[in-house]
Amino acid sequence: MNEVTKAAVLERGATPVPPASAGVRPEGHPRVAWGRVGVLLMNLGTPEGTGYWPMRRYLKEFLSDRRVIEVPRAIWWPLLNLVILTKRPGPKGRDYASVWNTDLDEGPLKTITRGQAQKLQAAMGDRVVVDWAMRYGKPEVEGRIRALLDQGCDRILLVPLYPQYAAATSATACDQAFRALMKMRWQPTVRVSPPYHDDPVYIEAVVSAIRRDLAKLDFEPEVILTSFHGVPKSYLLKGDPYHCQCVKTGRLIREALGYSPERMRVTFQSRFGNEEWLKPYTDETVKELAAQGVKRLAIVAPGFMADCLETLEELDGENRHYFEAGGGEHFAYLPCLNDGPEGMRVIEHIVRRELRGWIE
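Reading guide: rules and limits
- Residues numbered from 1 in each chain as written.
- Predicted model: local features only at pLDDT ≥ 70, side-chain atom pairs only at ≥ 80, totals over all residues.
- Heavy atoms only, no water.
- UniProt positions renumbered as here; feature names shortened; annotations may be inferred.
- Phe/Tyr/Trp six-rings, centres within 6.5 Å; stacked < 30°, edge-to-face > 60°.
- Buried < 20%, exposed > 50% of the residue type's maximum accessible area, 1.4 Å probe, protein only.
- Contact = heavy atoms within 4.5 Å.
- Helix = DSSP H or I, 4+ residues; strand = E, 2+ residues; numbered from the N terminus.
- Polar contact = N/O pair within 3.5 Å; in protein donor to acceptor, adjacent residues only side chain to side chain.
- Salt bridge = Lys/Arg side-chain N within 4 Å of Asp/Glu carboxyl O.

For the protein, the name recorded in an unreviewed UniProt entry is Ferrochelatase, with Methylobacterium nodulans as its organism. Annotation of the protein in UniProt includes, under Subcellular location (unreviewed entry), the sentence "Cytoplasm".

Things to note about the packing of aromatic side chains
This model, assessed by the stated rule, comprises 9 aromatic pairs. Judged by centre distance (5.0 Å) and plane angle (90 degrees), the rings of Tyr-52 and Trp-53 are edge-to-face. With relative accessibility at 31%, the residue Tyr-52 sits in the partly exposed group. Taken together, a centroid distance of 6.4 Å and an interplanar angle of 80 degrees make the contact between Tyr-96 and Trp-100 edge-to-face.

Here's the deal with the UniProt feature "binding site: Fe(2+)" (unreviewed entry) in the protein
Sites flagged by UniProt as "binding site: Fe(2+)" (unreviewed entry) map to His-229 and Glu-310. Of the residues just listed, which span 82 residues, no C-alpha pair is farther apart than 8.1 Å, and they cluster in one region. What makes His-229 partly exposed here is its relative accessible area of 27%. Every residue in contact with His-229, bar those within four places of it in the chain, is listed here: Tyr-242, Phe-268, Gln-269, Ser-270, Trp-277, Phe-304 and Glu-310. Setting aside residues up to four positions removed in sequence, Glu-310 forms contacts with His-229, Gln-269, Ser-270, Phe-304 and Leu-315.

Concerning the side chain of Thr-282
When you line up the elements, Thr-282 lands in helix H11 (residues 282–291). Here the side chain of Thr-282 touches Thr-267 through a polar contact of 2.8 Å, side chain to side chain. The contact partners of Thr-282, leaving out residues within four places of it in the chain, are Ser-227, Thr-267, Phe-268, Gln-269, Ile-299, Leu-315 and Asn-319.

Quick word on the pattern of salt bridges
Tallied over the entire structure, the rule returns 28 salt bridges. Among the ionic pairs, Asp-131 bridges to Arg-144, the shortest N-O distance being 2.9 Å. Here Asp-131 is found in strand S2 (residues 128–137), whereas its partner Arg-144 is found in helix H6 (residues 141–150), with 13 residues between them in sequence. Residues participating in the shared-partner salt-bridge network are Arg-212, Asp-213, Lys-216 and Glu-342.

Regarding unusual backbone geometry
Going from Lys-138 to Pro-139, the amide bond is cis rather than trans, its omega being -5 degrees. Here Pro-139 lies in the loop between S2 and H6. That bond from Lys-279 to Pro-280 is cis: its omega, 0 degrees, falls within 30 degrees of zero. Tracing the sequence through the fold places Pro-280 in the loop between strand S6 (264–269) and H11. A positive phi angle is found at Asp-105, which is not glycine, with a value near 55 degrees. The residue Asp-105 is located in the loop between helix H4 (89–97) and helix H5 (108–124) in this model. Here Asp-105 falls in the exposed class, since its relative accessible area comes to 51%. Phi angles above zero are rare outside glycine, and Asn-338 is one such case at about 50 degrees. Inspection of the secondary structure puts Asn-338 in the loop between strand S8 (330–334) and helix H13 (341–354). Overall, the relative accessible area of 12% leaves Asn-338 in the buried class.

Set out below in structure tokens:
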């Protein structure tokens, strides 16, 4: 083994040491850090503040994404810029303010995703470098990939934190990462973790969390809704697997809990616009159950790995109001897995599985 090869072997997998420190870097060669493995957790995003302009910037980035809105630009662009971005930032900012982490001055999704990254780093030790990014807003995907490269990560695992695959979530997160890679002369080797909607570890974690949280209630729900974020029905008809994966997740959770289809139902939330979205709709189902005389209801959101506006404000706020206004007496929203033991067990399981051959 010659001295150059020996030095490279000694450096790989450890904190990168510039080759010159081993006496093998040619004169004038740029400093290079290499040989480490990085993991980038990626979530949807959150505005930088609840005021009009931070909300407008966030909504513009989000609603300009062709993966999210597939309406022809000639129709969507005037509507977005002349109507939506004028009217929506104010009301949406107030919604965010109702769940805002005032101590850290940030949205709950950012707080929780950071916690997930920190706990994953502690679990993985020095063998990998863990970071996190948001598809929309900050921290930006490109900046965090470059930060991993600066720390010597020439192999990076991208982990979209979505159990069910959708073009509007997992795919657009990867798009953003690939756009960053297109600018790089020395690209890292990249892997992308697949969706885990039917992974036994994920299903068991959700079931365990549901059982624990139900045991804390002072009532027994007559009906439990498993609410997933909706997408337009047209996306399903174009071939997006999201609906099928959500339904399978809901079925596996229900079967593991031993509930009937009538007691535990899959619904879809967060629709907007006039187009038909995946059904049944969560809000309409909540209103119908109350009208039918159901008095005790619980909702869980297994499609979200972290609580956010759509769970804390929409499910625990709006839908609680719909149920109670319709005559319901007991309502509970069961939290997401977040950075608790069950959530971290899922994330660590996915990461360790996808890093095989790189660290094991």
